[in-house]
Amino acid sequence: MNLTTFTTVLAISIPFFAATVWAIVDAGLRDFGSMGRKALWMLVAAIPFIGVLIYLIVGLRQGKRPASRKNID
């Protein structure tokens, strides 16, 4: 594998990896009604390439963002 091929593969892989990590973390922060559904969406988001797309199209709408927490001192 020459340097050009390596750079191209890396340039394509990094955005998909970042999107996968974002989807897993986002699914972990959202409320899906039960821990089982949350775990299922985290597993779907972890599927390379297609999992992120499925999560963005379907899962993102199903989960609810929890209310922001404020520090009470």
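It should be noted that the structure appears before, not after, this text.
Residues numbered from 1 in each chain as written. Predicted model: local features only at pLDDT ≥ 70, side-chain atom pairs only at ≥ 80, totals over all residues. Heavy atoms only, no water.

1. Here's the deal with helix H1 (residues 3–29)
Compared with an ideal rise of 1.5 Å per residue, which puts 27 residues at 39 Å, H1 spans 39 Å between its outermost C-alpha atoms and is within 8% of the ideal. Buried residues along H1 sit against helix H2 (35–45) and helix H3 (50–62). (Helix = DSSP H or I, 4+ residues; strand = E, 2+ residues; numbered from the N terminus. Expected span 1.5 Å × (residues − 1). Contact = heavy atoms within 4.5 Å.)

2. Some words on the packing of aromatic side chains
Given two aromatic rings, their pairing is described by the distance between the two centres and the angle made by the two planes. Scanning the entire structure with this criterion turns up 4 aromatic pairs. Taking 4.8 Å as the distance between ring centres and 75° as the angle between the ring planes, the aromatic pair formed by Phe16 and Phe49 counts as edge-to-face. Separated by 33 residues along the polypeptide, Phe16 in helix H1 and Phe49 in the loop between H2 and H3 bring together distant segments of the chain. In this structure Phe16 comes out as partly exposed when scored by relative accessible area, which is 38%. With a centroid separation of 6.1 Å and 65° between ring planes, the pair formed by Trp41 and Tyr55 is classed as edge-to-face. Taken together, the residues span a long stretch of sequence, with Trp41 in helix H2 and Tyr55 in helix H3 at a distance of 14 residues. Neither Trp41 nor Tyr55 differs from the other in exposure class; each is buried. Through pairs of rings, three or more aromatic residues link up here, namely Trp22, Phe32, Trp41 and Tyr55. (Phe/Tyr/Trp six-rings, centres within 6.5 Å; stacked < 30°, edge-to-face > 60°. Buried < 20%, exposed > 50% of the residue type's maximum accessible area, 1.4 Å probe, protein only.)

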